[in-house]
Amino acid sequence: MLRHVIKYRALLLMMLPALTVIAVMDYLPYFGLIIAFKDINYADGILGSPWAGLRNFRFLFATTDAWRIFRNTVAFNLVFILTGLVVTVAIAVALNEIRLKYAAKLYQTIIIMPNFLSLVVVSYVVYAFLNPDYGYVNKAILGHLGIANINWYADWKYWPFILPIVNLWKGAGIGSVIYLAAIVGIDEQLFEAARIDGATRWQQIWWITIPMIAPVIVIITILSLGGIIRSDFGLFYQVPMNSAALYAVTDTVDTYVFRALFTLNDIGMSSAANFFQSVIGLFCIVGANWLVRRISRENSLF
Amino acid sequence: MTSKLQASNAMPAWARGTFHFIFIFYSLICILPVVLILSVSLTNEHSLLANGYRFIPESISTLAYTYLWKDISVMARAYGVTTFVTVVGAGLHVLLTAMYAYPLSRKDFPFKSFFSVIVLITMLFSGGLVPSYIVMVNVLHLKNTIWALILPNLMSGFNIFMVRTFFKQSIPDELIESAKIDGASEWRILFQIVLPLALPVLATIGLFSTIGYWNNWFNALLYISDKNLYTLQFIMQQALLRLEFIRNTLALGGQHLDLARTLEAQVPTDSVRMALVISATGPIILAYPFFQKYFIKGLTIGSVKG
């Protein structure tokens, strides 16, 4: 083996910078996972602090916090996946039907654009509409309809709808790109044959287009499910403006880990939730990949 | 297939018309919110207080921008930091990714499975926020340094595999072998043969990485408390969540107490916030259409066969 190392030393050297970054940024933190099992205090540091066994986990699951954050994370992800699927496929199919190609390109450019705004900007956009005192919805729309002002950031019952809408606004455009590419790749002869047999365009879409892109749909859905325990921090922290009144609905595992660590200084609970998320996330994504492999091997991550 | 066939195979005109209508509506939904922000930034603060946000300002005022840019040092500094981090970060990302992916793409490299697995593991399993924070702050002592803004998210397993696949598919082995026969070193092969041929995929990951770095505010939130290292996104984020941030950081920015006092009388908070958004995001929105085709290409590289 040493022979190989010497022979390929140039290539190995090439990998060194990236490898160093990976080792420090990804692998070193793996050791930090033991914090979840320790009763950490600053005096003793990580290695010196006493072991706490599963105590942190017991604390975490004894509170209602655990149920709330995992429920919110998983529930929102399911809603995102479902709504995302329907909307992005619909966009791709509709966009493909447009005959004026320059119009289709223009539409695509515009609807992808929100993806490139950061979630901070998006939270401003939402704020411009939902600001209780001056926002467009309260002042311009509700005012005219004679409905009283709604304090959007203090009432959690609207947010199960607001967040999926925001998520779609930002991501549907770019999500449809891959389906559109798949649709364009379908053999034109299939459609010709159907047309000769008297099928209408709607029928062609339903019986040819959709089934032909079904593999892509399934793969992307499965891979999305693999990330079900993770959430977009910006979406759940920024967009609701970190408003405590909304935590019942907007607190996810990621925002909880963050807040427990920085606001409450509760390293124990934070790292327990963090550890739990990492482990479950691992099973989810390995499971998802295994499923995708069964269907279409080349599309799996590994 | 002829266009005559296509024409008769199309949807009925009314359906296509409806699609156009829907897309125009959807496009407006994507653009108008940004227009609203622009409009609020240009509205007189009194008008905002009286009438709320409007798409067309009732009374135009550029006071928000004056307020924001008067002490140009704060915004200029934030622009500088953000630009530096973006350029260095994206540049390093492309370089390091290519340098790691190339050996992986070589058939004769004996260690490629091993190093592939190392990257794969990072894609599946992450330490999470707590250990990453502790490594960055307590182990590496990089809190409040510019590297805290560059190093996190520098490497991406996904991109490494994408570039590796591209190298494998698009760089013929014969090319590399004949270069070797001519006596070229591995480094020369990489930089003079492989990279030039791989420009499409490198451009794609470079662009995504650039946008990622420009839009990142999380790293600043975690690791930066030094005013001089604030990024544009971070300033925006803080300005939205904390009213006094505008007064303390943006207005004073240092020494201009008399300016702050005169403006204090009419601190245009909401219009200043929106002016901040336009100032920080304007460049991206304007530049984006030019790079859009690279993004689309990048998304579909290697994912749809044939």
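Everything numeric here is computed off the predicted structure, so don't read it as measured data. (Residues numbered from 1 in each chain as written. Chains lettered and ligands numbered in written order. Predicted model: local features only at pLDDT ≥ 70, side-chain atom pairs only at ≥ 80, totals over all residues. Heavy atoms only, no water.)

(A) Region of interest: the overall build of chain B. Within chain B one finds 17 helices and 0 strands. For chain B, the proportion of its 306 residues judged to be buried stands at 51%. Nonlocal contacts in chain B, meaning residues at least 24 apart in sequence, comprise 71% of its contacts between residues at least 6 apart. (Helix = DSSP H or I, 4+ residues; strand = E, 2+ residues; numbered from the N terminus. Buried < 20%, exposed > 50% of the residue type's maximum accessible area, 1.4 Å probe, protein only. Contact = heavy atoms within 4.5 Å.)

(B) Structural detail: the nonpolar core. Judged by nonpolar contacts, the single largest core of 192 residues is most densely connected at Tyr124(A), Trp159(A), Phe23(B), Tyr100(B), Tyr102(B), Phe115(B) and Phe167(B). No other element matches helix α9 (residues 159–184) of chain A, which puts 14 residues into this core. (Core = buried A, V, L, I, M, F, W, Y, C linked by side-chain atoms within 4.5 Å.)

(C) Representation of the confidence of the model for chain B within the structure. All names here are of chain B. Taken residue by residue, chain B gives an average pLDDT of 84. The fraction at 70 or more is 88%. When pLDDT is averaged over each element of chain B, helix α8 (residues 147–150) comes out on top at 95 and helix α16 (residues 257–264) at the bottom at 49. Note on residues 252–260: pLDDT under 50 across the span, and 11 contacts to partners over four residues away in sequence or across chains. Prediction confidence for the complex, expressed as pTM and ipTM, is 0.87 and 0.86 respectively. (pLDDT = per-residue confidence, 0-100.)

(D) Molecular detail of the interface of chain B and chain A. With 104 residues of chain B in contact, the opposing surface of chain A contributes 100 residues. Taken over both partners, the interface formed by chain B and chain A buries close to 9200 Å², and the fraction arising from carbon and sulfur atoms is 78%. It is Asn9(B), Phe23(B) and Phe125(B) that lose the most area in chain B upon contact with chain A, and together they represent 8% of the buried surface on that side. Where chain B packs against chain A, one counts 0 salt bridges. Along the contact surface separating chain B from chain A lie 19 residue pairs in polar contact (both at pLDDT 80 or more). Ranked by the residues each element gives to the side of chain B that touches chain A, the list is headed by helix α2 (residues 13–41) of chain B, at 16 residues. Of the residues assigned to the side of chain B that touches chain A, the class counts are 78 nonpolar, 18 polar and 8 charged. (Buried area = accessible area lost by both parts, 1.4 Å probe. Salt bridge = Lys/Arg side-chain N within 4 Å of Asp/Glu carboxyl O. Polar contact = N/O pair within 3.5 Å; in protein donor to acceptor, adjacent residues only side chain to side chain. Nonpolar A, V, L, I, M, F, W, Y, C, P; charged D, E, K, R; others polar.)

(E) Quick look at the pattern of salt bridges. Within the structure shown, the criterion is met by 12 salt bridges over all chains. One salt bridge connects Glu97(A) with Arg201(A), and the closest N-O pair in it is separated by 3.0 Å. Within this pair, whereas Glu97(A) is found in helix α5 (residues 64–97), its partner Arg201(A) is found in helix α11 (residues 201–226), the two being separated by 104 residues in sequence. Look at Arg201(A) and you get buried, because its relative accessible area is 14%. Of the charged contacts in the structure, one is a salt bridge between Arg54(B) and Glu58(B), with a shortest N-O distance of 3.4 Å. Arg54(B) sits in the partly exposed class, given a relative accessible area of 26%. Each member of the salt-bridge network shares a partner with another, and the members are Asp65(A), Arg68(A), Asp251(A) and Arg259(A).

(F) View of the side chain of Gln108(A). Locating Gln108(A) in the fold gives a position in helix α6 (residues 101–112). Dropping the residues within four chain positions of it, Gln108(A) is found in contact with Leu95(A), Val177(A), Leu180(A), Gln292(B) and Ile296(B).

(G) Up close: a nonpolar patch on the surface. Residues Leu13(A), Leu16(A), Leu95(B), Trp187(B) and Phe191(B) make up a contiguous nonpolar surface patch of roughly 430 Å² in combined accessible area. Mapped by element, the contributors of at least two residues to the nonpolar patch are α2 (9–31) of chain A together with α11 (186–197) of chain B. Mapped onto the fold, Leu13(A) is located in helix α2. (Patch = residues over 30% accessible without salt bridge, like charges linked within 9 Å, V, L, I, M, F, W, Y side chains within 5 Å. Areas by Shrake-Rupley, 256 points an atom, 1.4 Å probe, with all protein chains shown as cover.)

(H) Representation of the packing of aromatic side chains in the model. As enumerated under the stated definition, the model contains 39 aromatic pairs over all chains in all. Here a set of aromatic residues connected by ring pairs shows up, and it is made of Phe233(A), Tyr237(A), Phe258(A), Phe262(A), Tyr133(B), Trp217(B), Phe218(B) and Tyr223(B). Lys38(A) extends its terminal NZ or CZ atom over the ring of Trp51(A), reaching a point 4.5 Å from the ring centre. One Lys or Arg, Arg201(A), reaches over the ring of Phe191(A) and ends 5.0 Å from the middle of that ring. (Phe/Tyr/Trp six-rings, centres within 6.5 Å; stacked < 30°, edge-to-face > 60°. Lys NZ or Arg CZ within 6 Å of the ring centre and 35° of its normal.)

(I) Quick look at helix α7 (residues 119–130) of chain A. Residues and elements named next belong to chain A. Taking 1.5 Å per residue, 12 residues should reach 16 Å; α7 reaches 16 Å between its end C-alpha atoms and fits that length. The buried fraction of α7 amounts to 11 of the 12 residues, a majority that puts the element mostly inside the structure. Residues Leu119, Val120, Val121, Val122, Ser123, Tyr124, Val125, Val126, Tyr127, Ala128 and Leu130 constitute the buried set of α7. (Expected span 1.5 Å × (residues − 1).)

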